[in-house]
Amino acid sequence: MNFDWTTFVLEIINFLILVWILKRFLYQPVLGVIARRRADIDKSLSDALQIRNEANELKARNEQYLIEWEAKKEAAQAQLNAELTSMRESKLAELETRINEEAERRRVLTERNRHEFERLMEERGIAQGATFTNKLLMRLASPELENRLYIVLMEDLQGLRQQDKHVIAVAAEEPGLQIKIQSAFSLDTSKRGELTRSLNQMTGKTLPVVFNTNPELISGFQIDIGAWILHANLRDELKSFGGVLRHAG
Amino acid sequence: MDIPTVVFYVGPFGITSIVVTTWGIMITLGICCWLGTRRLALVPGKLQTMLEGLVLAIEDNINAVIPDHTQQVLPFIATLWVYIVIANLTGLIPQLHSPTGSFSVTAGLALLVFLSVHWFGIRSGGARNYLRHYLSPTPLLLPFHLISEVTRTIALAVRLFGNIMSLELVALLVLLVAGLLVPVPLLMLHVIEALVQAYIFGMLALIYVAGAMQSQQESKKGNDI
């Protein structure tokens, strides 16, 4: 067991230097990088934890949004259904009204067409009747029939109401007026005189009278005193008859 | 065992082969550590993983004994382990001797442990409190405390020196008697013994330092109560 003081002292110094070398080039760098790594891992873990918390928060918020959205959707759907039901009922009512109106319109139209048809039929019937009557009376027209109508004319003139006589008197007030008497057949002198007297008596004046023959009258007379016209012939009677029937129809 | 030869002189001081070997170990360790730690990255490579594993293993061992002052004592204790392992294994290289096979080296290391115990103890709680623990539980035990301090330091030095020196001596004798290949198993035993002795030396130093620091803390607690 040799002991050398120089070696002893130098070994102590060498060891202390070695402590410094290893501390400087081994322990500090390695522990430093380990500490940095741990800090990095801790930071990553902290970040991950924070991200997870944020994700959980977002998830919870999204779930809440989904619940709210679902509730809104259900409410909107219920409102939509109610609106659709209301609208359908309204449309149905409107459609029913339109159908009823259309049915009424068709009924009215049908009724009017039926009335029109009936009227046409009536008019055609009346026209046919008038034509038939016209043809029949034209065949029956003769001086004898006109004599008979002359008697009727005279009776009518005699039986005029006071009011009608007044109207005729007013019409005769027109200056320069002349009485026009048309007949289907020529009148003899006695009838002309009798008519002239009767008319002068009725108007209360002595007016000039003009006699004309008009075969279109078929049979009978037409007396014009200004604006007042007396129809006593088959033509106008037939016209009047047709008009009465038309109005009656 | 050969007596360490003086390689050269610096004035009156003869520099032995042991010191030169130690310098070689220091230079090698310094270069290796510089090369290994100059490009440390958060994602480690193989060499960085090995270095981190070594430092973390040492840190864990220290942390298991003295958790409150791990970083404080780590450089000293870790250097003891690293240096003694390398020094013990140097004897396996032909033409070189383990520095720890010299009593001058182990005595120096033991003296450093002795001084570091008091250094860390005093730094931990002050000289007054530290010295007070020698008087506890009774001042009558002061001589025994002092004898204990000296003897355990000597035991540290002699244990390491004796084991390593005897290993080299036995290997030399077996090589001389049995031939070239027979000492190989013995060399394997040398490796194991080198690791075990380094671990024992470093662990004892750690326990002594921890004892000094914890006795200090216990004294503080007693005063607080």
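Residues numbered from 1 in each chain as written. Chains lettered and ligands numbered in written order. Predicted model: local features only at pLDDT ≥ 70, side-chain atom pairs only at ≥ 80, totals over all residues. Heavy atoms only, no water.

K.L.:
Help me out: how do you make sense of the overall build of chain B in this one?
P.N.:
Secondary structure assignment for chain B yields 7 helices and 2 strands. For chain B, the N- to C-terminal ordering of α and β elements is β-β-α-α-α-α-α-α-α. Here the C-alpha coordinates of chain B stretch approximately 65 × 50 × 40 Å along the principal axes. A buried classification covers 44% of the 225 residues belonging to chain B. A total accessible area of about 11,600 Å² is found for chain B, and carbon and sulfur atoms account for 72% of it. Side chains of chain B give 10 positive and 10 negative charges; the mean places of these two sets differ by 8 Å. (Helix = DSSP H or I, 4+ residues; strand = E, 2+ residues; numbered from the N terminus. Buried < 20%, exposed > 50% of the residue type's maximum accessible area, 1.4 Å probe, protein only. Areas by Shrake-Rupley, 256 points an atom, 1.4 Å probe, with all protein chains shown as cover. Lys, Arg positive; Asp, Glu negative; His and termini not counted. Charge placed at Lys NZ, Arg CZ, Asp CG, Glu CD.)

K.L.:
Even after reading the chapter, I still don't get the domain arrangement of chain A, so can you show me in this structure?
P.N.:
A common way to report how large an interface is uses the accessible area buried once the components associate. Looking at chain A, the domain boundaries give domain 1 (1-140) and domain 2 (143-248). Its C-alpha centre places domain 1 of chain A at a distance of 96 Å from the equivalent point of domain 2 of chain A. (Domains from an automatic or database assignment.)

K.L.:
I would appreciate a short explanation of the sheet that holds strand 2 (residues 209-213) of chain A in the present structure.
P.N.:
Backbone-to-backbone hydrogen bonds pair the strands of a sheet. The strands run either parallel or antiparallel. Residue and element names in this part refer to chain A. Strand order across the open sheet formed by 4 strands is 2-1-3-4, with mixed pairing between neighbours. Where the open sheet ends on each side, the last strands, each with one partner, are strand 2 and strand 4 (228-233). Within this sheet the neighbouring strands show an average axis-to-axis angle of 15°, counted without direction. Here 6 bridges tie strand 3 (residues 220-225) to strand 4, and the two strands are oriented antiparallel to one another. (Pairing = 2+ DSSP bridges. Axes fitted to C-alpha atoms, helices over the stretch in contact; angles between N-to-C directions.)

K.L.:
What exactly am I supposed to notice about the side chain of Ser104(B) here?
P.N.:
Turning to its location among the elements, Ser104(B) is positioned in helix 4 (residues 103-125). Setting aside chain neighbours within four positions, we find Ser104(B) in contact with Asn2(A), Phe3(A), Asp4(A), Thr7(A) and Phe8(A). (Contact = heavy atoms within 4.5 Å.)

K.L.:
What am I meant to see in the interface of chain B and chain A here?
P.N.:
Opposite the 43 residues of chain B that make contact, chain A presents 31 residues. Buried area between chain B and chain A, both sides added, is near 3,400 Å², and the carbon and sulfur share of it is 78%. Of all residues in chain B, Met26(B), Leu42(B) and Ser104(B) give up the largest surface area on contact with chain A, accounting jointly for 18% of the area buried on that side. Scanning the region where chain B abuts chain A turns up 1 salt bridge. At the junction of chain B with chain A, the criterion picks out 9 residue pairs in polar contact (both at pLDDT 80 or more). Those elements that place two or more of their residues in the side of chain B that touches chain A are strand 2 (13-16), helix 1 (17-37), helix 2 (46-65), helix 3 (70-89) and helix 4 of chain B. Here the element with the most residues in the side of chain B that touches chain A is helix 1 of chain B; it accounts for 10 residues. Taken together, the residues of the side of chain B that touches chain A sort by class into 31 nonpolar, 10 polar and 2 charged. (Buried area = accessible area lost by both parts, 1.4 Å probe. Salt bridge = Lys/Arg side-chain N within 4 Å of Asp/Glu carboxyl O. Polar contact = N/O pair within 3.5 Å; in protein donor to acceptor, adjacent residues only side chain to side chain. Nonpolar A, V, L, I, M, F, W, Y, C, P; charged D, E, K, R; others polar.)

K.L.:
Honestly, the packing of helix 1 (residues 5-140) of chain A against helix 4 of chain B in this entry has me stumped. Any pointers?
P.N.:
Axis angle and axis distance: for two packed helices, these are the angle between their axes and the distance between the axes, and together they describe the pair. Look at helix 1 of chain A against helix 4 of chain B: their axes get within 8 Å of each other, and the N-to-C directions meet at 55°. By the angle between their axes, helix 1 of chain A is oblique relative to helix 4 of chain B. The two elements helix 1 of chain A and helix 4 of chain B cross, and the hand of that crossing is right-handed. Packed against helix 1 of chain A, whose contacting residues are Thr7(A), Phe8(A), Glu11(A), Ile12(A), Phe15(A) and Leu16(A), the element helix 4 of chain B presents Ser104(B), Val105(B), Ala107(B), Gly108(B), Leu109(B), Leu111(B) and Leu112(B) at the interface. Broken down by class, the residue content of the contact of helix 1 of chain A with helix 4 of chain B amounts to 9 nonpolar, 3 polar and 1 charged. (Parallel < 35°, antiparallel > 145°, perpendicular 65-115°, else oblique. Left-handed = near helix turned anticlockwise from the far one by under 90°.)

K.L.:
Could you clarify how one ought to interpret the confidence of the model for chain B in this entry?
P.N.:
Predicted coordinates in regions of low pLDDT should not be interpreted in detail. Looking at chain B as a whole, the pLDDT averages 87, with 91% of positions reaching at least 70. The secondary structure element of chain B with the lowest average pLDDT is helix 7 (residues 183-224) of chain B, at 81, and the one with the highest is helix 3 of chain B, at 94. (pLDDT = per-residue confidence, 0-100.)

K.L.:
Which parts of the structure should I look at to understand the pairing of strand 1 (residues 6-10) of chain B?
P.N.:
For a regular strand, side-chain orientation follows a simple rule: the groups alternate between the two sheet faces. Residues and elements named next belong to chain B. With 4 bridges connecting them, strand 1 and strand 2 associate as antiparallel partners. The residue of strand 2 that forms the bridge with Tyr9 is Gly14. If you look at the hairpin formed by strand 1 and strand 2, you'll find 2 residues sitting between the two strands, and Gly11 has a positive phi there, around 65°.

K.L.:
Even after reading the chapter, I still don't get the packing of aromatic side chains, so can you show me in this structure?
P.N.:
To describe a pair of aromatic rings, one takes the distance between the centres and the angle between the planes. This model, assessed by the stated rule, comprises 13 aromatic pairs over all chains. Every member of this aromatic cluster is reached through a ring pair, and the members are Phe3(A), Trp5(A), Phe8(A), Phe103(B) and Phe161(B). Over the ring of Trp34(B) we find Arg38(B); its NZ or CZ atom is 5.3 Å from the centre of that ring. In this structure, Arg152(B) is placed above the aromatic ring of Tyr208(B), and the distance from its NZ or CZ to the ring centre is 4.1 Å. (Phe/Tyr/Trp six-rings, centres within 6.5 Å; stacked < 30°, edge-to-face > 60°. Lys NZ or Arg CZ within 6 Å of the ring centre and 35° of its normal.)

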